[in-house]
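The primary structure of each chain is shown beneath.
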Amino acid sequence: MEKRIINLKMSDLEDSGVHMLSLVDEPAIESYWVYLNKEIETKLAINDEKRIIVGPVIIPNFEIYRNPVAQVNGNEPFYIQFDIETIGSMAEKFMRQLKLNKTNLAHEDNSDAGSYIFESWIVETLEDKANTVYNLNVPIGTWVVKMKIENDETWNKVKSGELKGFSIEGSFVAENEIDEDELFHKELYDKIRNLLAD
């Protein structure tokens with residue numbers, strides 16, 4: 001059976017994109033954060049009591065396994081992935097909407113992780129600090145964040161290894177399933193906006 005891969009995109013709807021970052025034990029991108037400890041203290045002059053973690057949020061074209069048995073519909077396993085352009089748009093919109101403290105634990109509703117993002121960037125070269133300073137070994141186009149953990153319980157879970165990485169919550173559309181009505185309305189909106197701008 002051929003592997004089914006769905007390329008996810010953001011739509012033009014206001015709620016499309018990343019709504020929340022979740023701190024999880026098994027990130028779907030199979031890449032973990034690092035917390036700033038004595039091992040890299042000499043490079044950064046920071047120790048783990050600063051309660052800072054750095055890690056990838058989304059890696060471009062990384063195939064994320066989805067099992068529809070655990071999902072609401074569908075009957076065959078499949079993969080989702082995001083391209084570089086979509087990742088850049090997701091990161092930009094997340095920052096523009098000031099969702100820097102929208103974090104939870106293991107995707108549980110009403111579970112505030114007690115943390116906030118204070119640095120966010122897209123890896124632009126392989127010599128990016130994500131790789132040279134933090135040893136994340138991620139490709140160009142990866143969205144990386146640096147997060148401060150204020151909650152004692154959350155920080156203890158990070159230090160013990162119970163929480164190891166980031167996972168996103170959001171609204172996206174499949175690239176080949178973008179609604180034609182939505183495209184028509186966008187084109188119409190753009191025409192009206194251009195007329196009013198003249």
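If you're wondering where the values come from, they're calculated on a predicted model, not measured in any experiment. (Residues numbered from 1 in each chain as written. Predicted model: local features only at pLDDT ≥ 70, side-chain atom pairs only at ≥ 80, totals over all residues. Heavy atoms only, no water.)

All right, on to the pattern of salt bridges then. Scanning all chains against the criterion turns up 6 salt bridges. A salt bridge links D152 to R51; its shortest N-O distance comes to 2.8 Å. A residue pair is termed long-range when its members are at least 10 positions apart, and D152 in helix α4 (residues 152–160) and R51 in the loop between α1 (41–44) and β4 (52–58) qualify at 101 residues. The class for R51 is buried, based on a relative accessible area of 19%. A salt bridge links E119 to K146, with the shortest nitrogen-to-oxygen separation between them at 3.5 Å. Placement of E119 in strand β8 (residues 115–122) and of K146 in strand β9 (residues 143–149) is noted, with a sequence separation of 27 residues between them. Because the salt bridges share partners, they merge into one network encompassing E119, K129 and K146. (Salt bridge = Lys/Arg side-chain N within 4 Å of Asp/Glu carboxyl O. Helix = DSSP H or I, 4+ residues; strand = E, 2+ residues; numbered from the N terminus. Buried < 20%, exposed > 50% of the residue type's maximum accessible area, 1.4 Å probe, protein only.)

Within the secondary structure layout, I140 lies in the loop between α3 (129–132) and β9. Among the residues examined, I140 registers a relative accessible area of 40% and is labelled partly exposed. With 17 residues separating them along the chain, I140 and V123 place their C-alpha atoms 5.0 Å apart. The residues touching I140, leaving out its near neighbours within four places in the chain, are P60, I84, V123, E124, T125 and L126. (Contact = heavy atoms within 4.5 Å.)

With respect to the element layout, Q81 can be found in strand β6 (residues 78–82). What makes Q81 buried here is its relative accessible area of 12%.

Attention shifts here to a nonpolar patch on the surface. Taken together, the side chains of I84, L126 and I140 present a nonpolar region at the surface, about 270 Å² in accessible area. Within the fold, I84 resides in helix α2 (residues 84–96). (Patch = residues over 30% accessible without salt bridge, like charges linked within 9 Å, V, L, I, M, F, W, Y side chains within 5 Å. Areas by Shrake-Rupley, 256 points an atom, 1.4 Å probe, with all protein chains shown as cover.)

On to the sheet that holds strand β5 (residues 64–66). What the 4 strands build is an open sheet, ordered β5-β6-β1-β11; its pairing is mixed. In the strand order of this sheet, the two ends are held by β5 and β11 (173–174), each with one partner. In terms of strand pairing, strand β1 (residues 5–9) meets β6 through 4 bridges, oriented parallel. Note that in β6 the partner of I5 across the bridge is Y79. The strands touched by α2 are β1 and β6; relative to β6, the strand with the most contacts, the crossing angle is about 65 degrees. (Pairing = 2+ DSSP bridges. Axes fitted to C-alpha atoms, helices over the stretch in contact; angles between N-to-C directions.)

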